[in-house]
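Architecture at a glance
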Amino acid sequence: MANIIDGKKISAQIRTEIAEEVKAMKAQGIHPGLAVIIVGEDPASQVYVRNKGRACEEVGIYSEIIRMPESTAEEELLAKIDELNARREISGILVQLPLPRHINEAAVIAAISPEKDVDAFSEVNVGKIMIGNHHFLPCTPAGVMELIRRSGIEIEGKQAVVVGRSNIVGKPQAMLLLHANATVTVCHSRTKNLAEVCRTADILVVAIGKADFITADMVKPGAVVIDVGMNRKADGKLTGDVDYAGVSEVAGYITPVPGGVGPMTITMLLKNTLTAAREQNK
Ligand code: GUN
């Protein structure tokens, strides 16, 4: 049976460290603050945003949640971002995605000052990640790296396979593993012999958004399997991209869903907010 990587526990440890850091920063007169903008009523987004606000509160980070109606014009949203860019007490700005269809997501991301872009979605920050000269790490891939490291798993020299090539997870994940000296392969929906490629992985990170897609026969015995998936089953239960019951018989380490990668994403957002506050107060 695989060792379970407990994301809830690791996340709680890191949040305790962050709370200590916030205290020390405040003693130096630095007050980190996060603004989260949500446009519209998407129920999943409402939950994520509420959790982000709560997480800030728990570690002593000032937070503002800005709720805008579905009918908000793109110019109004851009004006709000401008206002937040200019406010000193706001160190980080996050616009919850997805946005309503009439708003251009790329224009919105580009409007956030790169120094406050705690998602690390802007062209400047993505470029910095590519080069390895970054302040902010994208939250989910950074959370995955932290789970691997804090489980005492060596990355250098390992074969890593990333399944999925999104801008939010797959692509930056591949880059972070590469920076950690893994040999990285990225697979996607058009990959031929996907099962065969997955079986070469010492570290397998899966982010394709298909429930129970990775089965035991696709996993090398003893591999580290990280499941970024969050799929809602017909009965309302959350499930990952990995067939947990089957794969945990083969893998050496595995993350559960929920309770694996999920809690780490917000934790990394808190970390980025501290980084932003520190940089802005240099
Ligand atoms: N929607 C789903 N995940 C994310 C995320 O990491 N950041 C933002 N801004 N929106 C999201």
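Residues numbered from 1 in each chain as written. Predicted model: local features only at pLDDT ≥ 70, side-chain atom pairs only at ≥ 80, totals over all residues. Heavy atoms only, no water.

1. Digging into the overall build of the chain
Broken down by element type, the chain carries 10 helices and 11 strands. For the chain, whose C-alpha radius of gyration is 19 Å, the value lies close to the compact-globule estimate of 19 Å for 282 residues. Considered along the principal axes of its C-alpha atoms, the chain spans approximately 50 × 45 × 35 Å. Residues counted as buried form 49% of the 282 residues belonging to the chain. Residue pairs in contact within the chain that sit at least 24 positions apart in sequence constitute 71% of those at least 6 positions apart. Total accessible area on the chain is roughly 13,300 Å²; 52% of this is exposed by carbon and sulfur atoms. (Helix = DSSP H or I, 4+ residues; strand = E, 2+ residues; numbered from the N terminus. Rg over C-alpha atoms; globule rule 2.2 N^0.38 Å. Buried < 20%, exposed > 50% of the residue type's maximum accessible area, 1.4 Å probe, protein only. Contact = heavy atoms within 4.5 Å. Areas by Shrake-Rupley, 256 points an atom, 1.4 Å probe, with all protein chains shown as cover.)

2. Observations regarding the environment of Arg101
With respect to the secondary-structure elements, Arg101 resides in the loop between strand S4 (92-95) and helix H4 (105-111). Along the backbone, Arg101 and Glu70 are 31 residues apart, and their C-alpha atoms lie at a distance of 9.6 Å.

3. Description of helix H2 (residues 43-59)
A rise of 1.5 Å per residue sets the reference length of H2, with its 17 residues, at 24 Å; its end C-alpha atoms lie 25 Å apart and thus fit the reference within 8%. Every buried residue belonging to H2 is among Ser45, Gln46, Val49, Lys52, Gly53, Ala55, Cys56 and Val59, and all of these are buried. (Expected span 1.5 Å × (residues − 1).)

4. Regarding the site of the ligand
Every residue close to the ligand is listed here: Leu94, Val95, Gln96, Leu97, Asp119 and Phe121. One nitrogen or oxygen atom from the main chain of Leu97 is found 2.9 Å from a nitrogen atom belonging to the ligand. Between Asp119 and the ligand, the recorded distance is 2.6 Å, taken from a side-chain N or O atom to a nitrogen atom. Burial of the ligand by the protein amounts to 79% of the accessible area it has alone, namely 280 Å². Looking at the shell around the ligand, its residues break down into four nonpolar, one polar and one charged. (Near = heavy atom within 4 Å. Polar contact = N/O pair within 3.5 Å; in protein donor to acceptor, adjacent residues only side chain to side chain. Nonpolar A, V, L, I, M, F, W, Y, C, P; charged D, E, K, R; others polar.)

5. Examining unusual backbone geometry
That bond from Leu97 to Pro98 is cis: its omega, 0 degrees, falls within 30 degrees of zero. Relative to the helices and strands, Pro98 resides in the loop between S4 and H4. With omega at -5 degrees, the peptide bond leading from Val257 into Pro258 counts as cis. Mapped onto the elements of the fold, Pro258 is located in the loop between strand S11 (253-254) and helix H10 (262-280). For Ala120, which is not glycine, the phi torsion reads 60 degrees and is therefore positive. Looking at the secondary structure, you find Ala120 in the loop between H4 and helix H5 (123-131). Since its relative accessible area comes to 4%, Ala120 is described here as buried. Its identity is not glycine, yet Asp212 carries a phi of approximately 55 degrees, on the positive side. By relative accessible area, which is 31% here, Asp212 ends up partly exposed.

6. A short note on the sheet that holds strand S3 (residues 62-68)
What the three strands build is an open sheet, ordered S3-S2-S4; its pairing is parallel. Each edge of the open sheet carries a strand with a single partner, namely S3 and S4. In this sheet, adjacent strand axes meet at a mean angle of 15 degrees when their direction is disregarded. Relative to S4, strand S2 (residues 33-39) is paired through four bridges, and the arrangement is parallel. The residue bridging Ala35 from the neighbouring strand is Ile93, located in S4. (Pairing = 2+ DSSP bridges. Axes fitted to C-alpha atoms, helices over the stretch in contact; angles between N-to-C directions.)

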